[in-house]
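What follows is the residue order along each chain.
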Amino acid sequence: MIVAGAWRRSVPALVRSIAGARWPGFSAPSSSPAAAAYQAAGCENKVPLLSGRWFSILSAPKTRTAIHKTWLNPLVNNLLGHCSETTAAAVDTSDPSCEKFEYQAEVSRLMDLIVHSLYSNKEVFLRELISNASDALDKLRFLGVTEPELLKEAVDFDIRIQTDKDNGIITITDTGIGMTRQELVDCLGTIAQSGTAKFLKALKDSKEAGADSNLIGQFGVGFYSAFLVSDKVVVSSKSPKSDKQYVWEGEANASSYTIREETDPEKLIPRGTRLTLYLKRDDKAFAHPERIQNLVKNYSQFVSFPIYTWQEKGFTKEVEVDEDPAEAKQEGGDDAFTERKKKTKKVIEKYWDWELTNETKPIWLRNPKDVTTEEYNEFYKKTFNEYLDPLASSHFTTEGEVEFRSILFVPAVKKDDIVNFKTKNIRLYVKRVFISDDFEGELFPRYLSFVKGVVDSNDLPLNVSREILQESRIVRIMRKRLVRKAFDMILGISLSENRDDYEKFWENFGKNLKLGCIEDHSNHKRIAPLLRFFSSQSENELISLDEYVENMKADQKDIYFIAADSLTSARNTPFLERLIEKDYEVLFLVDPMDEVAIQNLKSYKDKNFVDISKEDLDLGDKNEEKEKEIKQEFGQTCDWIKKRLGDKVASVQVSYRLSSSPCVLVSGKFGWSANMERLMRAQTLGDTSSLEFMRARRVFEINPEHPIIKNLNVS
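Residues numbered from 1 in each chain as written. Predicted model: local features only at pLDDT ≥ 70, side-chain atom pairs only at ≥ 80, totals over all residues. Heavy atoms only, no water.

## Focus on the sheet that holds strand E22 (residues 607–611)
So, point 1. Reading across the sheet, the six strands line up as E18-E17-E20-E19-E22-E21 and stay open at both edges, with mixed pairing between neighbours. The open sheet has two edge strands with one neighbour each: strand E18 (538–544) and strand E21 (603–604).
So, point 2. Two elements, strand E19 (residues 559–563) and E22, share three bridges in a ladder whose sense is parallel. Pairing of Tyr560 across the sheet is with Val610, part of E22. (Pairing = 2+ DSSP bridges. Helix = DSSP H or I, 4+ residues; strand = E, 2+ residues; numbered from the N terminus.)

## Some remarks on the sheet that holds strand E23 (residues 651–654)
Sheets are built from strands paired through backbone hydrogen bonds, the pairs being either parallel or antiparallel.
So, point 1. Strands sit in the order E23-E25-E24 across an open sheet of three strands; the sheet is mixed. Looking at which strands have only one partner, the edges of the open sheet turn out to be E23 and strand E24 (663–667). When strand polarity is set aside, the average angle formed by the axes of neighbouring strands in this sheet is 30°.
So, point 2. Bridging between E24 and strand E25 (residues 698–702) involves five bridges; their strand directions are antiparallel. The partner of Ser667 across the bridge, within E25, is Arg698. (Axes fitted to C-alpha atoms, helices over the stretch in contact; angles between N-to-C directions.)

## Observations concerning a negative patch on the surface
So, point 1. A contiguous patch of negative charge on the surface is contributed by Glu624, Glu625, Glu629 and Glu633.
So, point 2. Within the secondary structure, Glu633 is located in helix H18 (residues 624–633). (Patch = residues over 30% accessible without salt bridge, like charges linked within 9 Å, V, L, I, M, F, W, Y side chains within 5 Å. Areas by Shrake-Rupley, 256 points an atom, 1.4 Å probe, with all protein chains shown as cover. Salt bridge = Lys/Arg side-chain N within 4 Å of Asp/Glu carboxyl O. Lys, Arg positive; Asp, Glu negative; His and termini not counted. Charge placed at Lys NZ, Arg CZ, Asp CG, Glu CD.)

## With respect to the nonpolar core
Soluble, globular proteins show a tendency: their nonpolar side chains are buried together.
So, point 1. Ranked by internal contacts, the top residues of the largest apolar core, which has 75 residues, are Phe444 and Leu448.
So, point 2. Tallying contributions element by element places helix H11 (residues 473–494) first for this core, with ten residues.
So, point 3. If we ignore the near neighbours within four places in the chain, the residues touching Phe444 are Leu408, Ile426, Val451, Arg479, Leu482, Val483 and Ala486.
So, point 4. Ranked by size, the runner-up nonpolar core spans 55 residues in total, among them Ile130, Met179, Trp248 and Ala252. (Core = buried A, V, L, I, M, F, W, Y, C linked by side-chain atoms within 4.5 Å. Buried < 20%, exposed > 50% of the residue type's maximum accessible area, 1.4 Å probe, protein only. Contact = heavy atoms within 4.5 Å.)

## Comments concerning the confidence of the model for the protein
So, point 1. Looking at the protein, the pLDDT average stands at 76 and 71% of residues meet or exceed 70.
So, point 2. Long-range and interchain partners of residues 1–93, a stretch whose pLDDT sits below 50, account for 202 contacts in this model, where long-range means more than four residues apart.
So, point 3. Below a pLDDT of 50 lies the segment residues 209–220, which in the model reaches 37 contacts outside its immediate sequence neighbourhood of four places, other chains included. (pLDDT = per-residue confidence, 0-100.)

## Focus: unusual backbone geometry
So, point 1. Positioned with a positive phi, Asp583 is a non-glycine residue whose angle comes to about 60°.
So, point 2. The residue Asp583 is located in the loop between helix H16 (577–581) and strand E20 (586–589) in this model.
So, point 3. Under the relative-accessibility criterion, Asp583 is labelled partly exposed at 39%.
So, point 4. The backbone phi angle of Asp606 is positive, close to 65°, even though this residue is not glycine.
So, point 5. Positionally, Asp606 belongs in the loop between E21 and E22.
So, point 6. Judged by relative accessible area, Asp606 falls into the exposed class, the value being 78%.

## Considerations on helix H19 (residues 635–645)
So, point 1. Among all positions in H19, only Thr637, Cys638 and Ile641 are buried. Along the axis of H19, the buried positions cluster into a sector of 100°, meaning they face one direction only. Within H19, the exposed residues directed more than 90 degrees away from the buried face are Gln636, Asp639 and Lys643.
So, point 2. In this fold, the buried residues of H19 make contact with E23, E25 and helix H22 (707–714).
So, point 3. With its phi angle positive at about 65°, Gly646 sits one or two positions after the end of H19. (Arc of directions from axis to C-beta.)

Structure, rendered in structure tokens:
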């Protein structure tokens, strides 16, 4: 097992990993020799040069070295305090082959930081350890191409997990590359020393990575997630490069660890690593077989190697039932030779056996041409616990700056409230290992939170632990492409021959798109074609803005709308009179979000949205000379009405929007419309102090052609 993580890494290197997770952009000087790392951290003293390279005082065997108390730079000092005296020595034990190594004095604080800060959920320990096992198998498979002797032990590539729920023990065994004694010291005796990361770096440096190099994981402290639930961890590892098997043993709060040779013949393994976790008292529930199986299915379902779990099984069989002698005599009578049918009953006989847990293959890795609609639907239902087929799906691969594979779905029904964007609808995988489904807008904006799907990336920026997702340029690019694909998928539904599909979508998620008009100005061009409204010429069927523009009259310049509380109110408003005479179509905005969405759009295909309830409505047929004559003729009447109404209206003007009504009260150009003011007043927690500020001025318009107005003018 290539165990990612270790015990005695130099302090600055760990700080660099942690600071990268907590403070994006932080970096410290790289340090491969331990002494150089201490110098970079500000520690003055170094250890002697041994065997041609610098040895950390934490791992130098059979050497006792003391260093003076030194001070780290301010950032390290804030995190970990000061460098303390440390000791590393071989200590005599009952087993001559067992060596004891002293931890650095600050290790307990570092371990506390790793266990309690880097991981927010205890159950991820199994995901991390399985991923490390998968990395070990990947590395062996890769090296086996050029070094066939590594595969001399003809054992299958797999991962097996066995539990002892009575004693609270979990055993994870892989048949991967394994570790030699020195690798145990280097990988498990150094904090955040990822052997897998070194392997990948070596491949890249030598330009021998090839197609499979992206499978090698590089997660710094994954091994230490075992101490989230364990008091003691025992690692028994056999490398094909070594004839001996070694055992590493460490405890959560101990100041040392031991390494010894495995001498028990029953515990020898042909190749690979066996990891044994002795669970804490409060975490022994993790040792239940069903719990382990569920965790594997949730986090590691799509790992490329088979994962077997030790499960209790049973089969039904019939067994003979012992009869009561008295009853048998009564049934048999005096004839002792009477043949009687033996009684049997069905019983379930239980036994334990290995069960393949990750049977499902990642459908997103297949070519979309080879996947049927039924397979997509089945995957959707199983992954998201749905019972209806999705309205649409989109399976795509993105290459270039960011490479990832994804399958997105549009649900058939609405389950979550529009304001609840913590929906767990997007499942993020890195190299087929489930990372998280708890996002707050990193991958999808709030208004598209109803979209469900999986995203799998090989190079997503994850720092220190797999669940810390950094906000970076790569994430922003990924989000942009996911949003674009989601809109393409929704547009495909709208263009479908089956109009009922989009009507169903709009009924469930129309409000989400309207919210997108308010929150996402950069995608207005993608959202606008998807909007649907009733209109003066289509009161029973929703129409799109494209259909409205297509039906516009040749002399019509703008898109007209009226906001109201219902279709009846919109249909009977006097503002429509003149537009209906000219056969202009008017959008009816009867949903509370409609007006705000349209105001944020402002225009569509170079056509401005115009509210017909506001002053200075221009229908494109003004006659300035005639208007001037009418204003002079009805000027005294307007002044008389204004005097009677006083401050209730800002002014009284002649109207050119009316045909049958004598007058109408319109809103000013600026501020809220009458409908918006009504909605704001209806808000339970609304701020009434802003009503007067946003309230538009009222303009009273009269119809000079109406008999009532004419009589007033004559009198």
